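Structure assessment
Residue strings, one per chain:
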Amino acid sequence: AMQRILLWTCKQFGLGAPKLEHYVEHREQCLNELMQSRSITKAKAKQLFQIAWTSRKPLRDVKDEFLRRYDQEAKGLQSALMCVEKLQWIRPFCNEEKDNLEGSFISHLFQFVESRLTACVHEDLQRAGFEVAALIFDGLNLADGTLFGSQDILDRAHALSSAQVDNLFTGFCAVSGS
């Protein structure tokens with residue numbers, strides 16, 4: 001979800017992200033190639049693709065050409081997103097003490113979008129009569145366990161998120177006074 005949200009954000013602000021877009025469109029292929037070339041687990045491969053965004057420092061000892069270019073692109077986009085006027089409200093929340101302002105900024109940006117989308121889906125499902133048992137960091141659990149993995153509910157959530165996403169920054173910036 002992180003890379004998909006970041007790609008959408010880059011597009012919203014007119015920032016090209018060809019390596020990120022390739023990763024999102026060919027995620028399994030990118031992960032498998034990295035797993036093969038470095039003899040690592042899928043979890044470690046996913047972690048490396050995320051660290052490219054959440055750390056200001058370049059990845060070290062990267063022999064995989066795509067990951068190296070992906071990391072370079074991520075570092076440039078970190079800086080570009082930090083310069084977007086509509087996103088300046090994030091900066092005071094970033095942790096500058098650990099010399100990772102850029103990574104902290106991206107993490108806050110991602111968490112903002114993710115939480116807004118989760119809240120929209122939560123409200124919609126409650127209005128539709130579904131009891132939500134718990135909100136979790138990247139989704140929610142319904143009280144009726146038989147609905148776990150229900151494609152109808154997943155499709156509903158995806159459609160709602162897609163419809164709501166265009167209002168995220170405009171609505172929040174107006175509320176925050178930025």
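Residues numbered from 1 in each chain as written. Predicted model: local features only at pLDDT ≥ 70, side-chain atom pairs only at ≥ 80, totals over all residues. Heavy atoms only, no water.

To continue, consider the packing of aromatic side chains. The tally for this structure, following the rule as stated, stands at seven aromatic pairs. With a centroid separation of 5.5 Å and an interplanar angle of 55°, the aromatic rings of tyrosine 23 and tyrosine 70 are classed as tilted. Of this pair, tyrosine 23 sits in helix α2 (residues 18–25) while tyrosine 70 is found in helix α5 (residues 65–82), placing the two residues 47 residues apart along the sequence. Taking the relative accessible area as the measure of exposure, tyrosine 23 reaches 2% and is therefore buried. (Phe/Tyr/Trp six-rings, centres within 6.5 Å; stacked < 30°, edge-to-face > 60°. Helix = DSSP H or I, 4+ residues; strand = E, 2+ residues; numbered from the N terminus. Buried < 20%, exposed > 50% of the residue type's maximum accessible area, 1.4 Å probe, protein only.)

Looking now at unusual backbone geometry. In the Ramachandran plot, serine 39 falls in the positive-phi region, its phi being about 55° despite a non-glycine side chain. Along the chain, serine 39 falls in the loop between α3 (27–38) and α4 (42–54). Owing to a relative accessible area of 66%, serine 39 belongs among the exposed residues under this scheme. With a phi angle near 55°, aspartate 61 is a residue other than glycine that sits in the positive phi range. Here aspartate 61 shows up in the loop between α4 and α5.

As a packed pair, α3 and α4 sit with axes 9 Å apart at the nearest point and diverge in direction by 110°. Between α3 and α4, the angle falls in the class roughly perpendicular. Where α3 crosses over α4, the handedness of that crossing is right-handed. Judged by residue contacts, Arg27, Glu28, Cys30, Leu31, Leu34, Met35 and Arg38 of α3 engage Lys42, Ala45, Lys46, Leu48 and Phe49 from α4. Of the residues assigned to the contact of α3 with α4, the class counts are seven nonpolar, no polar and five charged. (Axes fitted to C-alpha atoms, helices over the stretch in contact; angles between N-to-C directions. Parallel < 35°, antiparallel > 145°, perpendicular 65-115°, else oblique. Left-handed = near helix turned anticlockwise from the far one by under 90°. Contact = heavy atoms within 4.5 Å. Nonpolar A, V, L, I, M, F, W, Y, C, P; charged D, E, K, R; others polar.)

Here we take up the confidence of the model for the chain. Summarising the model, the chain shows a mean pLDDT of 87, and 90% of its residues fall at 70 or more. The low-confidence segment residues 171–178 (pLDDT under 50) makes seven contacts with residues lying over four places distant or belonging to another chain. (pLDDT = per-residue confidence, 0-100.)

Moving on, we get to the nonpolar core. With 41 residues, the main nonpolar core has Phe49, Trp53, Tyr70 and Leu81 as its most contacted residues. Secondary-structure elements contributing two or more residues to this core are α1 (2–12), α2, α3, α4, α5 and α6 (101–127). Ranked by residue count, the leading element in this core is α6, at eight residues. Among all residues touching tyrosine 70, those that are not within four sequence positions of it are Gln3, Lys19, Leu20, Tyr23, Phe49, Ala52 and Trp53. (Core = buried A, V, L, I, M, F, W, Y, C linked by side-chain atoms within 4.5 Å.)

Take the environment of isoleucine 90 next. Inspection of the secondary structure assignment puts isoleucine 90 in the loop between α5 and α6. For isoleucine 90, a relative accessible area of 0% puts it in the buried group. Taking the C-alpha atoms as reference points, isoleucine 90 and glutamine 78, separated by twelve residues in sequence, lie 13 Å from one another. The contact partners of isoleucine 90, leaving out residues within four places of it in the chain, are Phe105, His108 and Leu109.

When you line up the elements, glutamine 78 lands in helix α5. A relative accessible area of 1% means that glutamine 78 is categorised as buried. In terms of polar contacts, glutamine 78 uses its side chain to reach the backbone carbonyl oxygen of serine 55, at 3.1 Å. Once residues within four sequence positions are removed from consideration, glutamine 78 is found in contact with Ala52, Trp53, Thr54, Ser55, Arg56, Glu102, Gly103 and Ile106. (Polar contact = N/O pair within 3.5 Å; in protein donor to acceptor, adjacent residues only side chain to side chain.)

Quick look at the pattern of salt bridges now. Under the criterion given, the structure shown has nine salt bridges. Among the ionic pairs, arginine 56 bridges to aspartate 99, the shortest N-O distance being 3.5 Å. You can see arginine 56 sitting in the loop between α4 and α5 and its partner aspartate 99 sitting in the loop between α5 and α6, a full 43 residues away along the chain. Note on arginine 56: relative accessible area 32%, which makes it partly exposed. Where arginine 69 meets glutamate 65, a salt bridge forms, and the shortest distance between an N and an O atom there is 3.0 Å. Of this pair, arginine 69 and glutamate 65 both sit in helix α5, four residues apart, which is roughly one turn of that helix. (Salt bridge = Lys/Arg side-chain N within 4 Å of Asp/Glu carboxyl O.)

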